[in-house]
Amino acid sequence: MNNIEQTLSIIKPDAVERNLTDEIKKIFTNNNLNIKESKKIHITKDEASEFYKVHQSKPFYNDLCAYLSSGPIVVMILEGQNAVLANRKLMGATNPKEAEEKTIRKLYGISIDKNSVHGSDSTENAKKEIEFFFKN
Ligand code: CDP
Ligand code: MG
């Protein structure tokens with residue numbers, strides 16, 4: 001069935017600073033996820049806290065927000081067949097040590113916090129996250 005979706009992807013500071021942006025983008029485009037929008041930005045800790053507020057009760061929340069705002073990131077809208085799930089599969093498990101071979105986190109992730117990429121986990125959250133970074 002035809003189910004073209006959009007999802008939000010972020011290349012996190014650890015990957016941007018190691019110049020992995022183009023390699024990661026190639027993984028998306030080679031797997032039929034088109035990059036509709038892309039911008040390199042450096043967000044504040046307050047913006048990161050707003051973006052990750054679903055995690056506000058977690059013990060790692062403060063470090064996570066400090067980390068996402070610690071350096072430039074690349075935010076992208078990916079579009080393609082079942083894009084939300086397709087992107088999650090390409091990313092691999094949250095902890096790079098548990099990620100499958102050839103996934104982005106297995107290839108490039110350093111640790112559970114420096115795991116190179118973010119991806120929306122549902123179509124509903126994808127809409128919210130795209131709106132967060134690409135309103136008008
Ligand atoms: O990113 P993903 O959706 O796979 O994982 P999450 O459970 O939504 O957690 C968001 C982010 O918090 C992860 O990507 C990790 O960078 C970070 N995290 C962490 O630092 N320590 C944990 N125990 C779990 C997540
Ligand atoms: Mg998540």
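Residues numbered from 1 in each chain as written. Chains lettered and ligands numbered in written order. Predicted model: local features only at pLDDT ≥ 70, side-chain atom pairs only at ≥ 80, totals over all residues. Heavy atoms only, no water.

Description of the site of ligand 1
Residues in close proximity to ligand 1 include Lys 12, His 55, Phe 60, Leu 64, Arg 88, Thr 94, Arg 105, Ile 112, Asp 113 and Asn 115, which together make up its full environment. Here an oxygen atom of ligand 1 sits 3.0 Å away from a polar atom, N or O, in the side chain of His 55. Of the residues contributing to the shell around ligand 1, the split by class is three nonpolar, three polar and four charged. (Near = heavy atom within 4 Å. Polar contact = N/O pair within 3.5 Å; in protein donor to acceptor, adjacent residues only side chain to side chain. Nonpolar A, V, L, I, M, F, W, Y, C, P; charged D, E, K, R; others polar.)

So, the pairing of strand β1 (residues 4-11)
For a regular strand, the rule is simple: side chains alternate between the two faces of the sheet. When you tally the buried positions in β1, you get six out of eight residues, the bulk of the element. One ladder, built from eight bridges, connects β1 with strand β3 (residues 73-81); its direction is antiparallel. Each residue of the ladder has a partner; that of Glu 5, found in β3, is Gly 80. (Buried < 20%, exposed > 50% of the residue type's maximum accessible area, 1.4 Å probe, protein only. Helix = DSSP H or I, 4+ residues; strand = E, 2+ residues; numbered from the N terminus. Pairing = 2+ DSSP bridges.)

Points about the side chain of Ser 69
Tracing the backbone shows Ser 69 in the loop between α4 (61-68) and β3. For Ser 69, the side chain forms a polar contact with the main-chain oxygen of Cys 65, separated by 2.8 Å. A polar contact of 3.1 Å, which involves the side chain of Ser 69, links it to the backbone oxygen of Ala 66. Excluding residues within four positions of it along the chain, Ser 69 makes contact with His 42, Ile 43, Thr 44, Lys 45 and Ala 48. (Contact = heavy atoms within 4.5 Å.)

Description of the sheet that holds strand β4 (residues 117-119)
With respect to topology, four strands assemble into an open sheet ordered β2-β3-β1-β4, the strand pairing being antiparallel. Lying at the two open borders of the sheet, with one neighbouring strand each, are β2 (34-41) and β4. The average undirected angle you get between the axes of adjacent strands in this sheet is 20°. Bridge analysis of β1 against β4 gives three bridges, and the strand direction is antiparallel. Residue pairing for β4: Ile 11 is matched across the bridge by Val 117. Where helix α2 (residues 21-30) meets the sheet, its contacts fall on β1, β2, β3 and β4, and the angle it forms with β3 comes to roughly 10°. Along the sheet face, helix α5 (residues 83-91) touches β1, β3 and β4 and points at about 35° away from the line of β1. (Axes fitted to C-alpha atoms, helices over the stretch in contact; angles between N-to-C directions.)

Structural notes on the pattern of salt bridges
Side chains that carry opposite charge are capable of pairing whenever their charged atoms lie near each other. In this structure the tally under the stated criterion is five salt bridges. Here Lys 128 and Glu 124 are joined by a salt bridge, their closest N and O atoms 3.7 Å apart. Placement of the pair is Lys 128 and Glu 124 together in helix α7 (residues 123-134), with a separation of four residues, close to one helical turn. (Salt bridge = Lys/Arg side-chain N within 4 Å of Asp/Glu carboxyl O.)

Considering α2
Thr 21, Ile 24, Ile 27 and Phe 28 are the residues of α2 that are buried. With its buried residues spanning 125° around the axis, α2 presents them on a single face. Facing away from the buried side of α2, by more than 90 degrees, are the exposed residues Asp 22, Lys 26 and Asn 30. Buried residues along α2 sit against β1, α1 (13-17), β3, α5, α6 (104-108) and β4. (Arc of directions from axis to C-beta.)

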